Amino acid sequence: MNFGKVLTAMVTPFNDENELDLNRTEKLVEHLLENGSDGLVVAGTTGESPTLSYDEKKQLFSKVVDVVNGRVPVIAGTGSNHTNGSISITKMAEETGVDGIMLVSPYYNKPDQRGLYAHFKTVAESTKLPVMLYNIPGRSAVNMDVETIVKLSEVPNIVAVKEASGDLDAMAEIIESTPEDFDLYSGDDGLTLPVMAIGGTGIVSVASHVIGNEMQEMLKLFESGKIQEAAKLHRKLLPVMKGMFMAPSPSPVKAALNLKGIETGGVRLPLLPLKDEQKNQIKSLLERV
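The rules behind the values
- Residues numbered from 1 in each chain as written.
- Predicted model: local features only at pLDDT ≥ 70, side-chain atom pairs only at ≥ 80, totals over all residues.
- Heavy atoms only, no water.
- Buried < 20%, exposed > 50% of the residue type's maximum accessible area, 1.4 Å probe, protein only.
- Helix = DSSP H or I, 4+ residues; strand = E, 2+ residues; numbered from the N terminus.
- Contact = heavy atoms within 4.5 Å.
- UniProt positions renumbered as here; feature names shortened; annotations may be inferred.
- Patch = residues over 30% accessible without salt bridge, like charges linked within 9 Å, V, L, I, M, F, W, Y side chains within 5 Å.
- Areas by Shrake-Rupley, 256 points an atom, 1.4 Å probe, with all protein chains shown as cover.
- Salt bridge = Lys/Arg side-chain N within 4 Å of Asp/Glu carboxyl O.
- Lys, Arg positive; Asp, Glu negative; His and termini not counted.
- Charge placed at Lys NZ, Arg CZ, Asp CG, Glu CD.
- Pairing = 2+ DSSP bridges.

## Overview of helix α11 (residues 251-259)
Next up, step 1: Extensive coverage of α11 is indicated by the burial of 7 of its 9 residues.
Next up, step 2: For α11, the elements touching its buried residues are α1 (22-34), α9 (208-223), α10 (227-243) and α12 (276-288).
Next up, step 3: Of the residues one or two after α11, Gly261 is the one with positive phi, at around 90 degrees.

In structure tokens:
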């Protein structure tokens, strides 16, 4: 399964009562498809998945699949810290017609590498869909070792990993040690170009909500051998990429979208909206690009 190069980790739009807003979801999807997204990751970290109920996730997956209508891959975030719960959500997502699933490392439980392997393998074997692993030790409190990811790449439908450890050496080793058709995506916008330089496939991005076309241009320059031009564009985009994390995500990117007229509402507790000063900083960053 070719998921593409720039995948957007989509925010979940809420209405003024902080309820799931499917009309705003449709408008957001169209915006993303028109602005550089090769695929959409739904109900991941940026989608505030821990705050979404089972029914909300089902509505969200179904709506995005319906709006996308086969134009790009839709990847559902179905991972949790409960293996049987992850299987249940994965099976539901499969029924809605998504093209793949993303499984985050089990958080809070702090399993060892044997437990991580067993968890991912068990969930993957419960579905026919292609699976993207998601390693994000900063949020899950556990880091998947290179050896664990390499071993999991042998499971037939585990086809990719979103690597948000920030460890380029580990990523290079994963790329070198896994099959050629196993894809590694950066989980950090600021590492998009460095990860591509060591043989990565692309980025699962937050910043692509607002600079998706620019990120695509950067990757095209790199792939055409225009390394200096790509690096120059990377440096120009970097302040926006960093700005999307000036506060706990997705508060900054939702503020950016709202400033651009793409209404996505606020965030759910325990997250909070940006302060006015932070919103002004976001506005200034967007104006520079």
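The discussion continues.
## Let's talk about the UniProt feature "active site" (unreviewed entry) in the protein
Next up, step 1: The sites that UniProt annotates as "active site" (unreviewed entry) are Tyr134 and Lys162. For the annotated residues, spread through 29 residues, the largest C-alpha to C-alpha distance comes to 4.7 Å, consistent with a single compact locus.
Next up, step 2: Its place among the elements puts Tyr134 in strand β5 (residues 131-135).
Next up, step 3: Beyond its immediate sequence surroundings of up to four residues, Tyr134 is in contact with Thr45, Met102, Leu103, Val104, Ser105, Met144, Lys162 and Ala164.

## What about the side chain of Thr127?
Next up, step 1: Take Thr127: it is sitting in the loop between α4 (113-124) and β5.
Next up, step 2: With residues near it in sequence (within four places) discarded, Thr127 still touches Thr90, Glu94, Ile101 and Asn157.

## Let's talk about the UniProt feature "binding site: pyruvate" (unreviewed entry) in the protein
Next up, step 1: Per the UniProt annotation, the sites labelled "binding site: pyruvate" (unreviewed entry) are Thr46 and Val204. In sequence the annotated residues extend across 159 residues, while in space they remain close, none of their C-alpha pairs exceeding 10.5 Å.
Next up, step 2: Exposure remark for Thr46: the relative accessible area of 5% places this residue in the buried category.
Next up, step 3: When near neighbours in sequence (up to four residues on either side) are disregarded, Thr46 contacts Ala9, Met10, Val11, Thr12, Val206, His209, Ser249, Pro250 and Val253.
Next up, step 4: Setting aside residues up to four positions removed in sequence, Val204 forms contacts with Leu7, Ala9, Val41, Met132, Lys162, Tyr185, Ser186 and Gly187.

## Here we look at a negative patch on the surface
Next up, step 1: On the surface, a cluster of negative charge is contributed by Asp145, Glu147, Asp167, Asp169 and Glu173.
Next up, step 2: Of note, Glu173 is situated in helix α7 (residues 168-177).
Next up, step 3: Given the relative accessible area of 39%, Glu173 is considered partly exposed.

## Digging into unusual backbone geometry
Next up, step 1: Cis peptide bonds are those with omega within 30 degrees of zero, and the linkage from Ser249 to Pro250 qualifies with 15 degrees.
Next up, step 2: Take Pro250: it is sitting in the loop between α10 and α11.
Next up, step 3: With omega at 20 degrees, the peptide bond leading from Leu269 into Pro270 counts as cis.
Next up, step 4: Tracing the backbone shows Pro270 in the loop between α11 and α12.
Next up, step 5: You will see that Asn18, though not glycine, has its phi angle at about 65 degrees, which is positive.
Next up, step 6: Residue placement: Asn18 occurs in the loop between β1 (6-9) and α1.
Next up, step 7: Taking the relative accessible area as the measure of exposure, Asn18 reaches 27% and is therefore partly exposed.

## A look at the pairing of strand β6 (residues 158-163)
Next up, step 1: Within β6, 6 of the 6 residues are buried, which leaves it mostly tucked inside the rest of the structure.
Next up, step 2: Where β5 lies against β6, 5 bridges are found, and the strand directions are parallel. Bridge pairing in β6 links Tyr134 to Lys162.

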